[in-house]
Amino acid sequence: FCVDADTGKQIWSTDLQTKSAATSPMLVEGLVVFTAGRLTALDAKTGKIVWDQKQIGGNNASPALWRKNDRNFLICSSKRNLACVDPKNGEIVWTTAGGGDSTPCIVGNTMAAYSRVTEVGLSVYTLSETGATKRWSHVLDARRTQTSPIIHDGHVYLMGAGYQLCADLESGEIRWKEPQDSNISSPLLADGKLFVFGKK
């Protein structure tokens, strides 16, 4: 749906490809982009489908924006892999191993991603227009991989999979790790603090 922020009046509505989407939409280059069954782009003014990318499926991960050389790219965690997509036409620029329900975190040309593929686990990459070069990875429990990592002040934080951890962004060295029954929702960083939903 698109509604007027002041009045709440509906401007347009568009049927989704699935009924179980938990993705968050992104506004980029006049498009509303999201993953609901497949990666889809709507015209922000009309709600009409501009393109959809059937090779990127899923319902939970949200697209992340990466900007390189004054050009926008979408980094998407799909069922099969991590993919870089051109928002103008939905074409896949490159893919790398991974994928799942977690949304990648990008700062500059550095990406942290948490995959449901066990051997990929939590990984940090250097992004380029031709691909993603992995710097390091930690194999983690793949049963709960919905939470998204956070990059802050030279560290990567992950709050899920039965524990919470902090790793050095460059080396991957674990700075601290503790058991914690965190919720699958993603953490929030504010005022130098991490806010996390947990179970009791």
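Quick note: structure is the one above.
The notes below deal with the structure included here. For every chain, the first residue of its written sequence is number 1, and the numbers climb from 1 along that sequence. Predicted model: local features are reported for residues with pLDDT of at least 70 only, side-chain atom pairs are reported and counted for 80 or more only, and whole-chain, interface and lining totals are derived from all residues. To obtain the side-chain values, all non-hydrogen atoms of the structure were included, while hydrogens and water were left out.

Observations regarding the sheet that holds strand β9 (residues 92–97)
Applicable threshold: Pairing between strands requires that DSSP locate at least two bridges from one strand to the other. Note on conventions: DSSP H or I runs of at least 4 residues are helices, E runs of at least 2 residues are strands, and numbering of each starts at the N terminus. Angles here are taken between N-to-C directions and fall from 0 to 180 degrees, while the axes themselves are lines fitted to C-alpha atoms, restricted in helices to the stretch in contact.
An order of β6-β7-β8-β9 is seen for the 4 strands of this open sheet, with the pairing classed as antiparallel. Of all strands in the sheet, those bounded by a partner on one side alone are β6 (64–68) and β9. Across the sheet, the mean angle separating the axes of adjacent strands is 25° when strand polarity is ignored. Taken together, the 5 bridges between β6 and strand β7 (residues 71–77) define a ladder with antiparallel strand orientation. Looking at β7, one finds that L65 is bridged to L74.

Section: the sheet that holds strand β3 (residues 26–28)
Here 3 strands make up an open sheet; going across it, the order is β3-β4-β5 and the pairing antiparallel. Since the sheet does not close on itself, it has two edges, and those belong to β3 and β5 (49–58), each with one partner. Here the strands of the sheet are splayed against their neighbours by 35° on average, with no regard to which way each runs. Where β3 lies against strand β4 (residues 31–43), 3 bridges are found, and the strand directions are antiparallel. Across the sheet, the residue bridging to V28 is L31, located in β4.

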